[in-house]
Amino acid sequence: LKPESGSTAKSSGLTLSAMIKDVGKGVDTDTLVMTLDGKRLDAEYDPDRHTLAYFLTRKLTPGKHTLAIEASDKAGHPAKSQSSTFIVNYSSAFF
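Quantities reported herein were computed from a predicted structural model and do not represent experimental measurements. (Residues numbered from 1 in each chain as written. Predicted model: local features only at pLDDT ≥ 70, side-chain atom pairs only at ≥ 80, totals over all residues. Heavy atoms only, no water.)

Take the overall build of the protein chain next. Scanning the protein chain from N- to C-terminus turns up zero helices and eight strands. Taken from the N to the C terminus, the helices and strands of the protein chain come in the order β-β-β-β-β-β-β-β. Seen through its principal axes, the protein chain has C-alpha atoms that stretch 50 × 25 × 20 Å. Restricting to contacts in the protein chain with at least 6 residues of sequence separation, those with at least 24 account for 62%. As displayed, the protein chain has an accessible area near 6500 Å², and 49% of this comes from carbon and sulfur atoms. (Helix = DSSP H or I, 4+ residues; strand = E, 2+ residues; numbered from the N terminus. Contact = heavy atoms within 4.5 Å. Areas by Shrake-Rupley, 256 points an atom, 1.4 Å probe, with all protein chains shown as cover.)

The subject of this paragraph is the sheet that holds strand S3 (residues 33-36). Two modes of strand pairing occur in sheets, parallel and antiparallel, and in both the strands are linked by backbone hydrogen bonds. Spatially, five strands are ordered S1-S8-S7-S3-S4 in an open sheet, and the strand pairing comes out mixed. Two strands bound the open sheet, and with one partner strand each, they are strand S1 (8-9) and strand S4 (39-41). In terms of strand pairing, S1 meets strand S8 (residues 82-88) through two bridges, oriented parallel. If you follow Thr8 over to S8, its bridge partner there is Ile87. (Pairing = 2+ DSSP bridges.)

Glancing now at the pattern of salt bridges. Taken as a whole and judged by the stated rule, the model has one salt bridge. In this structure, Asp46 and Arg49 form a salt bridge, with 3.1 Å as the shortest nitrogen-oxygen distance. A relative accessible area of 61% means that Arg49 is categorised as exposed. (Salt bridge = Lys/Arg side-chain N within 4 Å of Asp/Glu carboxyl O. Buried < 20%, exposed > 50% of the residue type's maximum accessible area, 1.4 Å probe, protein only.)

The subject of this paragraph is the side chain of Ser72. Mapped onto the elements, Ser72 comes out in the loop between strand S7 (63-70) and S8. The residues contacting Ser72, other than those within four sequence positions of it, are Val27, Asp28, Thr31, His77, Pro78 and Ala79.

A few words on the sheet that holds strand S5 (residues 44-46). Across the sheet, which stays open at both edges, the three strands sit in the order S2-S6-S5 with antiparallel pairing between neighbours. Both edges of this open sheet fall to strand S2 (15-19) and S5, since each of them pairs with a single strand only. Pairs of neighbouring strands in the sheet enclose a mean axial angle of 25°, with direction left out of account. Of the pairings in the sheet, the one linking S2 to strand S6 (residues 51-55) comprises five bridges and is antiparallel in character. The partner of Leu16 across the bridge, within S6, is Tyr54. (Axes fitted to C-alpha atoms, helices over the stretch in contact; angles between N-to-C directions.)

Have a look at this one:
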């Protein structure tokens, strides 16, 4: 998951993403769910890159945020849910 758990994000225009791949029957794209702080995002899945992504068009509030992913394969087997808690900090200066 990106941003990775424990990381600090310092800019707007952040892309949230997860690699999702199933070597058996394949990913059931109808089951893909990406949430940020418990709110569902309208993320897009790229089957060629095996990536579920969402581009933030607004700045997040400073502090901790949790990105979570849920998915199942076409055989109906759910993957283990994954989450990442990261920190947004706009006070750090760039040099």
